[in-house]
Structures are given as C-alpha cells and as structure tokens.
Amino acid sequence: MGSSAAKADVAKFRDDAARELKRKGYTSIARSDLTSYVSIAAPTVDWNGDLRFTLSLAGTRASMQVEPSSDQVKALLASASSATRALGGKIENRD
C-alpha cells in the first residue's frame, strides 16, 4: 500500500471514529482477523470542554460486546461520565 493510500485509510478511520463518538458517546474497534480483538473507548472532558483522558476496555469478541446496550459499554459510559463530572465537565446527551 502506498503512503497516500495509507493516509486515506487513516483519515477515513479517524472520520468514522469521530462520527461514532458523536453519535454514541464512545468509539469501538473490532478487528476482522484471527485475533478477535475488540476495544471501546470514551472521553472525559474538563470544565472547558477540553479532552483530559479516555477510558478504554479491550478484549475479544467472546469476552466483550461493543453494542450500546451491552453491560461493558454501559459501565464504560457511566465511568467516563463520572470522571467528566469530577473534572467539572458537562455530560453530552446522545440520541
């Protein structure tokens, strides 16, 4: 893969992740190779709305679900919301 194709893939990945974050409040990665790797991440923001850090969970498709209704996603979002509140940040409402 040439460098311009790699840059296009990175840009597409970044754009897709930003849309998912805005829509769901978290981003997810699910690899389609033999590793079965999945991860989810949610941001925490301070009183200025600046990103302070992210919380993330990683596992396999067998051990972790990435759908919004899963216990893992609910726990991640609750923890990120709690950390955001502790930093004086505002929690955004989702669809």
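Up top is the structure.
Residues numbered from 1 in each chain as written. Predicted model: local features only at pLDDT ≥ 70, side-chain atom pairs only at ≥ 80, totals over all residues. Heavy atoms only, no water.

S.K.: What am I meant to see in the pairing of strand 1 (residues 27–30) here?
M.R.: A regular strand places its side chains so that they alternate between the two faces of the sheet. The pairing of strand 1 with strand 2 (residues 37–45) spans four bridges and is classified as antiparallel. Within strand 2, the residue paired with Ser28 across the bridge is Ile40. The hairpin turn running from strand 1 into strand 2, its antiparallel successor, is six residues long, and Ser36 in that turn takes a positive phi close to 60°. (Pairing = 2+ DSSP bridges. Helix = DSSP H or I, 4+ residues; strand = E, 2+ residues; numbered from the N terminus.)

S.K.: It is not clear to me how the environment of Ser63 should be interpreted in this structure. Could you clarify?
M.R.: Here Ser63 shows up in the loop between strand 3 (51–60) and helix 2 (71–86). For Ser63, a relative accessible area of 48% gives the class partly exposed. Considered as a pair, Ser63 and Tyr37 are 26 residues apart in the sequence and their alpha carbons are 9.8 Å apart. (Buried < 20%, exposed > 50% of the residue type's maximum accessible area, 1.4 Å probe, protein only.)

S.K.: Just checking my understanding: could you explain the sheet that holds strand 1 for this structure?
M.R.: Across a sheet, strands are paired by hydrogen bonds formed along the backbone, either parallel or antiparallel in direction. In spatial order, the strands read 1-2-3; together these three strands make up an open sheet with antiparallel pairing. Bordering the open sheet on either side are strand 1 and strand 3, each of which pairs with just one other strand. Each neighbouring strand pair of the sheet contributes to a mean axis angle of 15°, computed without reference to strand direction. Bridge analysis of strand 2 against strand 3 gives nine bridges, and the strand direction is antiparallel. Within strand 3, the position partnered with Ser39 by the bridge is Ala58. Contacting strand 2 and strand 3, helix 2 crosses the sheet at an angle of about 20° to strand 2. (Axes fitted to C-alpha atoms, helices over the stretch in contact; angles between N-to-C directions. Contact = heavy atoms within 4.5 Å.)

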